Amino acid sequence: MVRIRLENITKEFGDFKALDGIDLEIEEGEFMALLGPSGSGKSTLLYIIAGIYKPTKGRIYFDDGDVTDLPPKDRNVGLVFQNWALYPHMSVFENITFPLELRKVAKGEIRRKVAEVTEMLKIENLLDRYPWQLSGGQQQRVAIARALVKEPDVLLLDEPLSNLDALLRIEVRAELKRLQKKLGITAVYVTHDQAEALAMADRIAVIKDGRLLQVGTPEEIYERPRHKFVGGFIGNPPMNFLNGFADRGILRIGKSTIPLPKEYESVRGEVIVGFRPHDVEIGEGIEGEVYSVEHLGREQIVTVSVEGEMVKVIVPGDRRFEFGDKVRLKPKKIVLFDKKTETAI
Amino acid sequence: MRDIETKSRKSELLIILTIVIASVPMILAFSLLVLSSFSEEMVTNLKSFRPTLENWINLFQGKMAITGSIRVNIFEITLNTLIVALGVAGLVTIVSTLAGYALSRMDFRGRKHVMIALLVLHAFPGVALIVGVYLLYKLTLPQDPDLMRFYSFFYVILARGALEIPMSVWLMKGFFDAIPWEFEWSGIIDGASRITVWRKIMLPLVKPGILAVALFAFIAGWQDIIYVRTFLIDQTLATFIESNIESEFSHMPLIAAAGTLYLLPTIVFFLIAQRILLQGYSGGLKG
Ligand SMILES: Nc1ncnc2c1ncn2[C@@H]1O[C@H](COP(=O)(O)OP(=O)(O)O)[C@@H](O)[C@H]1O
Ligand SMILES: [Mg+2]
């Protein structure tokens, strides 16, 4: 088990900067999610930790040792690829034992380790099959078994659930988290699914366009996004944004005004106000018109048009709304973002 | 829901019909050849088929068609053909598997140029090169007669193989290109060296490609006549048949038997190749 420290990691592919000055520390035994949209550089960062890619600039430390120039095999990491990369010409047993065979582990030892890891992942009766004879969920378990069998210091997972169907994904993610905690292994988990990151991770690192926007616990990321993008990327539905003007503790949005909380009293000028759909009461506040209503059983999502911008509000299911109803929205918790930089004020 | 790969019945029928019609002349020609080899005279209509095994017996006794009495060793000729074909196949397979991997996976200087050069080289017909290739042959041919014979085999394999290599390298590069990088990375993370990954992971995955390249090269070597006649001191089936046709006194059914023997591996290998190429690794990558 190691602590990973990334220092100013930059990766260029030709002229293209895939990663730009990433600083990140991952604690021993921590489950860190790298969250970001497709193409943001998550896999690239994971591959740099694994040693598949060399960073153009920056250093990587495992505990206090600099591993930047170590080849992958000397880093003792396990990697589960997005497509699982099970060797098609090898049986499940051969796939799992491949890393051990290469290390010339004794036969008896191999058998013991395979038994242990396959039992843990409940695939002990699949050993004679070939990858193409397995379901997606089974293939994924085999890939995890192959990564774990060499008892790595770090487990790296690149969107391992993205090839599973939705129900299985929810089942497996709980199991995977349990497994990681049981083994106490340091894990870096790449995903573009914010729900997955919120559900599984101890901490989340949000990446966009090769830059690290925010690192924090799921609560921090959810409650206090430090960048407009983070708020808009996390939560379902995500955070609402409206343009406004702040002046002496009052926020003006179009014709309406709402009071600002204490911490924002000194803010003056054009801002973007963000608030979560759950954190809105319908009553006094920002004027709008009901645009559409979606019932979700116990609650409903009401989309309200405010000054031509759409705002989603989640309210209890028993209130009735009609299209065109005039409503007033009162956000209970807000975050202000700078209009230009889109970072939190 | 219908599988993507199943075409509608009607268009499928049309395709099959077209294929059948297009192959009628070829199948007819081959059938007549094979039938004639078992007949006393060339089969041109139903009446001219008079069954006999004589042609095959004569062939294996090494009787040349021209005079009907001079003996050549048909087994030796077949063996010669086999040596050339296997030599070309071996050379082409080894070179194209290595070069294909390098071109697909390694970033080295001049990689682009090599790839363009391969295409250009492939565009040159073998006949166009033969003068230069012959000059080189003349210059390097040893004087000792035994050595000369051996060298002529070596040379024809090298020269004929060289003609096949550009296309085969392209083909192998394509097969390697189709393998996701993740397989290679996974192997390296598991602790394998690049060579071990190539041997234990990549090679098994491109097996269909290797077999295809080997089969095509084998047949190229087996069928070749121009290079063999120019450089090889010994005879192969191709030159043997050719030397028989040259005379107007030839006993054609005997040549038909030799022709059938000459075609046999081509047919067998294409049947095998077809199965291997279609088989591939179905569902190898993802569930
Ligand atoms: N080997 C490569 N060569 C050139 N560009 C690459 C390479 N790998 C990734 N990229 C680019 O870097 C960016 C980040 O890629 P990646 O890390 O795979 O994103 P993610 O995993 O977040 O979807 C993408 O724009 C991608 O096109
Ligand atoms: Mg990715």
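As the structure is a prediction and not an experimental result, all values here were calculated from the model.

Quick word on the site of ligand 1
Residues and elements named next belong to chain A. Surrounding ligand 1, one finds Phe-13, Phe-16, Ala-18, Pro-37, Ser-38, Gly-39, Ser-40, Gly-41, Lys-42, Ser-43, Thr-44 and Tyr-53. A distance of 2.7 Å separates an oxygen atom of ligand 1 from a polar atom in the backbone of Gly-39. Gly-41 has a polar backbone atom sitting 3.0 Å from an oxygen atom of ligand 1. Protein coverage of the free-state accessible area of ligand 1, which is 560 Å², stands at 62%.

As for the nonpolar core
Counting residues in each nonpolar core, the largest one holds 94 residues, and the members touching the most others are Ile-4, Phe-62, Leu-79 and Leu-156 of chain A together with Leu-59 of chain B. It is helix 6 (residues 145–177) of chain B that contributes the most residues to this core, 10 residues altogether. Beyond its immediate chain neighbours, meaning those up to four positions away, Leu-156 of chain A contacts Leu-46, Ile-49, Ala-50, Val-77, Gly-78, Leu-79, Val-80 and Val-188 of chain A. Of all hydrophobic cores here, the second largest spans 45 residues; its members include Ile-96, Leu-100, Leu-179 and Val-206 of chain A.

As for helix 1 (residues 9–37) of chain B
Residues and elements named next belong to chain B. Over its 29 residues, helix 1 runs 40 Å from end to end, which matches the ideal 42 Å to within 8%, given 1.5 Å per residue. By the largest-angle criterion, Val-24 marks the main kink of helix 1, which is about 40°, and a proline, Pro-25, follows within four residues. For helix 1, the set of buried residues is Ser-23, Ser-36 and Ser-37.

Thoughts on the domain arrangement of chain A
Residue and element names in this part refer to chain A. Under the domain assignment, chain A is made up of domain 1 (4–233) and domain 2 (240–338). A C-alpha centroid distance of 39 Å is found between domain 1 and domain 2. The interface of domain 1 with domain 2 comprises nine residues on the first partner and seven residues on the second. Of the roughly 700 Å² buried between domain 1 and domain 2, counting both surfaces, carbon and sulfur atoms make up 62%. For domain 1, the biggest contributors to the area lost against domain 2 are Tyr-222, Glu-223 and Lys-228; these three give 68% of the whole. Taken together, the links from domain 1 to domain 2 amount to one salt bridge. Across the salt bridge formed by Lys-333 and Glu-223, the nearest N and O atoms sit 3.2 Å from each other. At the boundary of domain 1 and domain 2, one finds two residue pairs in polar contact (both at pLDDT 80 or more). Where the side of domain 1 that touches domain 2 is concerned, the elements lending two or more residues are helix 7 (218–223) and helix 8 (228–233). Taken together, the residues of the side of domain 1 that touches domain 2 sort by class into three nonpolar, three polar and three charged.

Regarding the interface of chain B and chain A
Between chain B and chain A, the residue contacts involve 23 residues of the former and 24 residues of the latter. Both sides together, the interface formed by chain B and chain A hides about 2200 Å², and carbon and sulfur atoms give 68% of it. It is Trp-185, Ile-189 and Asp-190 of chain B that lose the most area in chain B upon contact with chain A, and together they represent 32% of the buried surface on that side. Between chain B and chain A we count one salt bridge in total. Between Asp-190 of chain B and Lys-150 of chain A there is a salt bridge, with the nearest N and O atoms lying 3.5 Å from each other. Where chain B touches chain A, the interface holds seven residue pairs in polar contact (both at pLDDT 80 or more). A total of seven residues in the side of chain B that touches chain A trace back to one element, the largest contributor, which is helix 7 (residues 181–189) of chain B. Partitioned by chemical class, the residues of the side of chain B that touches chain A number 11 nonpolar, eight polar and four charged.

Remarks on the domain arrangement of chain B
Accessible area lost upon the coming together of the parts is a frequently used measure of interface size. Residues and elements named next belong to chain B. If you check the domain split of chain B, you get domain 1 (2–52) and domain 2 (84–286). The C-alpha centroid of domain 2 is placed 29 Å from the C-alpha centroid of domain 1. At the interface, nine residues of domain 1 touch eight residues of domain 2. It is Leu-33, Ser-37 and Met-42 in domain 1 that bury the most area against domain 2; as a group they hold 61% of the surface buried on that side. Our count for the domain 1 to domain 2 interface comes out at zero salt bridges. Across the domain 1-domain 2 interface, the total number found is zero residue pairs in polar contact (both at pLDDT 80 or more). Of the residues belonging to the side of domain 1 that touches domain 2, the class tally is four nonpolar, three polar and two charged.

Some details on a nonpolar patch on the surface
Residue and element names in this part refer to chain B. A contiguous nonpolar surface patch, about 650 Å² in accessible area, is contributed by Leu-28, Leu-32, Val-34, Leu-35, Phe-38, Phe-49, Leu-53 and Ile-57. When residues of the nonpolar patch are assigned to their parent elements, the largest contribution, four residues, is made by helix 1. Note that Ile-57 resides in helix 2 (residues 54–60). Classification of Ile-57 by relative accessible area gives partly exposed; the value is 46%.

Focus on the sheet that holds strand 18 (residues 326–331) of chain A
Sheet strands line up and pair through hydrogen bonds in the backbone, either parallel or antiparallel. Residues and elements named next belong to chain A. Overall, antiparallel pairing links the four strands, which are arranged 17-16-15-18 in an open sheet. The two strands at the open ends of the sheet, each matched to only one other strand, are strand 17 (309–316) and strand 18. Pairwise comparison of adjacent strand axes, ignoring direction, gives a mean angle of 50° for this sheet. Inspection of the sheet shows strand 16 (residues 299–306) paired to strand 17 by eight bridges, in the antiparallel sense. Its bridge partner being in strand 17, Val-302 is matched across the sheet by Val-313.

Re the layout of surface pockets
In this structure, the largest pocket occupies an estimated 510 Å³ of space. If you trace the largest pocket, you find 19 residues lining it, with Ile-52 of chain A together with Trp-181, Trp-185, Ile-188 and Arg-194 of chain B closest to the centre. Listed by contribution, the elements that provide at least two residues to the lining of the largest pocket are strand 1 (4–13) of chain A together with helix 7 of chain B. Element by element, the count of residues in the lining of the largest pocket is highest for helix 7 of chain B, at four residues. Taken together, the residues that form the lining of the largest pocket break down as 10 nonpolar, two polar and seven charged.

Digging into the packing of aromatic side chains
The final tally for this structure, using the stated rule, is 25 aromatic pairs over all chains. Members of the aromatic cluster, connected to one another through ring pairs, are Tyr-134, Tyr-137, Tyr-151, Phe-154, Tyr-155, Tyr-227 and Phe-231 of chain B. Arg-5 of chain A extends its terminal NZ or CZ atom over the ring of Tyr-61 of chain A, reaching a point 4.4 Å from the ring centre.

Some remarks on the sheet that holds strand 13 (residues 256–259) of chain A
All names here are of chain A. Across the sheet, five strands lie side by side as 13-12-11-14-19; this open sheet has antiparallel pairing. Looking at strand neighbours, the two that pair on one side only are strand 13 and strand 19 (335–338), the edges of this open sheet. Put simply, the sheet's adjacent strands are angled 40° from each other on average, direction ignored. Of the strand pairs in this sheet, strand 11 (residues 240–247) and strand 14 (residues 269–275) are connected by seven bridges, and their pairing is antiparallel. Within the sheet, the bridge partner assigned to Asn-243 lies in strand 14 and is Ile-272.

What counts and how
Residues numbered from 1 in each chain as written. Chains lettered and ligands numbered in written order. Predicted model: local features only at pLDDT ≥ 70, side-chain atom pairs only at ≥ 80, totals over all residues. Heavy atoms only, no water. Near = heavy atom within 4 Å. Polar contact = N/O pair within 3.5 Å; in protein donor to acceptor, adjacent residues only side chain to side chain. Areas by Shrake-Rupley, 256 points an atom, 1.4 Å probe, with all protein chains shown as cover. Core = buried A, V, L, I, M, F, W, Y, C linked by side-chain atoms within 4.5 Å. Buried < 20%, exposed > 50% of the residue type's maximum accessible area, 1.4 Å probe, protein only. Helix = DSSP H or I, 4+ residues; strand = E, 2+ residues; numbered from the N terminus. Contact = heavy atoms within 4.5 Å. Expected span 1.5 Å × (residues − 1). Bend = angle between axes of the 7 residues up to and from the residue. Domains from an automatic or database assignment. Buried area = accessible area lost by both parts, 1.4 Å probe. Salt bridge = Lys/Arg side-chain N within 4 Å of Asp/Glu carboxyl O. Nonpolar A, V, L, I, M, F, W, Y, C, P; charged D, E, K, R; others polar. Patch = residues over 30% accessible without salt bridge, like charges linked within 9 Å, V, L, I, M, F, W, Y side chains within 5 Å. Pairing = 2+ DSSP bridges. Axes fitted to C-alpha atoms, helices over the stretch in contact; angles between N-to-C directions. 1 Å grid on protein atoms, 1.4 Å probe; cavity = no way out; pocket = protein on both sides within 12 Å on 5 of 7 lines; lining within 4 Å. Points joined across faces, edges and corners; volume = space filled by probe spheres on them. Phe/Tyr/Trp six-rings, centres within 6.5 Å; stacked < 30°, edge-to-face > 60°. Lys NZ or Arg CZ within 6 Å of the ring centre and 35° of its normal.

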